[in-house]
Amino acid sequence: MNHFNTMYLGAISVALLASLSLAGCASSRATHADLAPRTLADVQSTTFRTPVTTGKPSIALVLGGGGLRGFAHLGVLRALDEAGIEPDIVVGTSAGAVVGAAYASGLPARQIESIAREVKLSSLIDFTFSKSGLMRGDNIASWVNTMTSHVPMEKFPRRFAAVATDLDSGQAVLLDRGQAGPAVQASAAVPGPTVPVAYHNGHLVDGGISSLVPVRFARAIGADFVIAVDIYCAGPASAGLAIPSVLLRVMRVQSCAVAAPEMAEADILIAPQVSVSGMSAKDEQEQAIAAGYKAAVQALAGIKAAQLAVY
């Protein structure tokens, strides 16, 4: 929901020009001391698993990245809620981390929809004068912290984690401790438009680069059954031969090729076909919600059958 498609259309070319003109400008950022990213290997080496008190396998909901297409996640949540499917674990990348944080913090699906409809997306943009990006991303972090009542992620009713990419190593990393705001900010820090998020040992950028639909992290933190939602790869691709359009098309091909093997590891994959052209496209946002709801409803029979097989 915070991957601004309107900025995406020109952000890469604009960022390239800005990086040249601002080459001498300072880009210092405060280090987020509470960010403690862990690689998949780090997580897998631990023995912690989400406690199962019901005697049933642990269910994870994995919400993928995809910008304003993230409105589709809202429809998925509503459909699962109506069907009585209650995930124990929520893992999200980028837009999925925004929605996932709200859901894991205990907010009902309908309330999250209301919040999404009421927020002015333009208020989440905070331009900066930096050679590292055009936006800080601090407004997103503040908004997420407020939405989740400043409760640390480890105290959410559902276990939650956001996935980002370590800029130096290129590896996907898990963020599941401390305030949700900085973790979501890092998970959604699109290179070019957004300044990388500093932590004690480096910088973090958008999780979609390395783990668009983070199924493997969900498994690693204890999921027995994974319902994954891809809002990016099944939808219509950009058209045209203008530089931004060509770059977006190439990015899509690369991102989805990298993501495909991990998505295939989900027990159920929900993949609504959605496209939202801009922050003011309210009709398209509603269409995305409806598409997410429809795709999730269509997947319910498969979810219930797969659950019975696992149980």
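The following paragraphs examine the structure supplied in this document. As the structure is a computational prediction, the values presented were derived from the model and not from experiment.

1. As for a nonpolar patch on the surface
At step 1: A cluster of nonpolar residues, Leu241, Val246 and Val250, forms a patch on the protein surface that exposes about 280 Å² of accessible area.
At step 2: Checked against the element boundaries, Val246 lands in helix H9 (residues 243-263).

2. Points about the packing of helix H6 (residues 138-147) against helix H7 (residues 180-187)
At step 1: One can describe the packing of H6 onto H7 by two numbers: an axis separation of 7 Å at closest approach and a directional angle of 140 degrees. In terms of orientation, H6 and H7 fall into the oblique class. Judged by the sense of rotation from one axis to the other, the crossing of H6 with H7 is right-handed. Side by side, H6 and H7 meet where Asp138, Ile140, Ala141, Val144 and Asn145 of the first sit next to Ala180, Gly181, Pro182, Val184 and Gln185 of the second.
At step 2: Here the residues of the contact of H6 with H7 are counted per class, giving 6 nonpolar, 3 polar and 1 charged.

3. Thoughts on the nonpolar core
At step 1: The biggest cluster of nonpolar side chains holds 63 residues, and the ones touching the most others in it are Ile227, Ile270 and Ile303.
At step 2: What Ile227 contacts, discounting residues up to four positions off in sequence, is Ile59, Ala60, Leu61, Val62, Ile85, Ile268, Ile270 and Ile303.
At step 3: Listed in part, the 25 residues of the second largest apolar core include Ala161, Val213, Ala218 and Val226.

4. Some details on the packing of aromatic side chains
At step 1: Applying the stated criterion across every chain yields a total of 1 aromatic pair.
At step 2: With centroids separated by 6.1 Å and ring planes inclined at 35 degrees, the aromatic side chains of Phe156 and Phe160 adopt a geometry described as tilted.
At step 3: Note on Phe156: relative accessible area 7%, which makes it buried.
At step 4: It is Arg252 that lies over the ring of Tyr232; its NZ or CZ is 5.6 Å from the centre.

5. Remarks on the state of the cysteines
At step 1: Tallied over the full model, the rule gives 1 disulfide.
At step 2: Note that Cys233 is cross-linked by a disulfide to Cys256, the S-S spacing being 2.1 Å. Measuring handedness by torsion sign, the sulfur bridge of Cys233 and Cys256 sits at about -100 degrees and is left-handed. Remark: Cys256 occurs in helix H9 and Cys233 occurs in the loop between strand E10 (225-229) and H9; sequence separation between them is 23 residues. The exposure classification of Cys233 matches that of Cys256, with both residues buried.

6. Quick look at the pattern of salt bridges
At step 1: Going through the model one piece at a time under the given rule, you end up with 11 salt bridges.
At step 2: Of the charged contacts, one joins Glu113 and Arg117 as a salt bridge, the two residues approaching to 3.0 Å between their closest N and O atoms. Placement of the pair is Glu113 and Arg117 together in helix H5 (residues 109-118), with a separation of 4 residues, close to one helical turn.
At step 3: Arg117 gets classed as partly exposed once you look at its relative accessible area, which sits at 35%.

7. Here's the deal with the packing of helix H4 (residues 95-104) against H7
At step 1: Close contact between H4 and H7 brings their axes to 8 Å; oriented N to C, the two are set at 160 degrees. On the basis of their axis angle, the class for H4 and H7 is roughly antiparallel. Note on packing geometry: the crossing formed by H4 with H7 is right-handed. Contacts from Ala97, Val98 and Ala101 in H4 reach Ala180, Val184 and Ser187 in H7.
At step 2: Taken together, the residues that form the contact of H4 with H7 break down as 5 nonpolar, 1 polar and no charged.

About the criteria used
Residues numbered from 1 in each chain as written. Predicted model: local features only at pLDDT ≥ 70, side-chain atom pairs only at ≥ 80, totals over all residues. Heavy atoms only, no water. Patch = residues over 30% accessible without salt bridge, like charges linked within 9 Å, V, L, I, M, F, W, Y side chains within 5 Å. Areas by Shrake-Rupley, 256 points an atom, 1.4 Å probe, with all protein chains shown as cover. Salt bridge = Lys/Arg side-chain N within 4 Å of Asp/Glu carboxyl O. Helix = DSSP H or I, 4+ residues; strand = E, 2+ residues; numbered from the N terminus. Axes fitted to C-alpha atoms, helices over the stretch in contact; angles between N-to-C directions. Parallel < 35°, antiparallel > 145°, perpendicular 65-115°, else oblique. Left-handed = near helix turned anticlockwise from the far one by under 90°. Contact = heavy atoms within 4.5 Å. Nonpolar A, V, L, I, M, F, W, Y, C, P; charged D, E, K, R; others polar. Core = buried A, V, L, I, M, F, W, Y, C linked by side-chain atoms within 4.5 Å. Buried < 20%, exposed > 50% of the residue type's maximum accessible area, 1.4 Å probe, protein only. Phe/Tyr/Trp six-rings, centres within 6.5 Å; stacked < 30°, edge-to-face > 60°. Lys NZ or Arg CZ within 6 Å of the ring centre and 35° of its normal. Disulfide = S-S within 2.5 Å.

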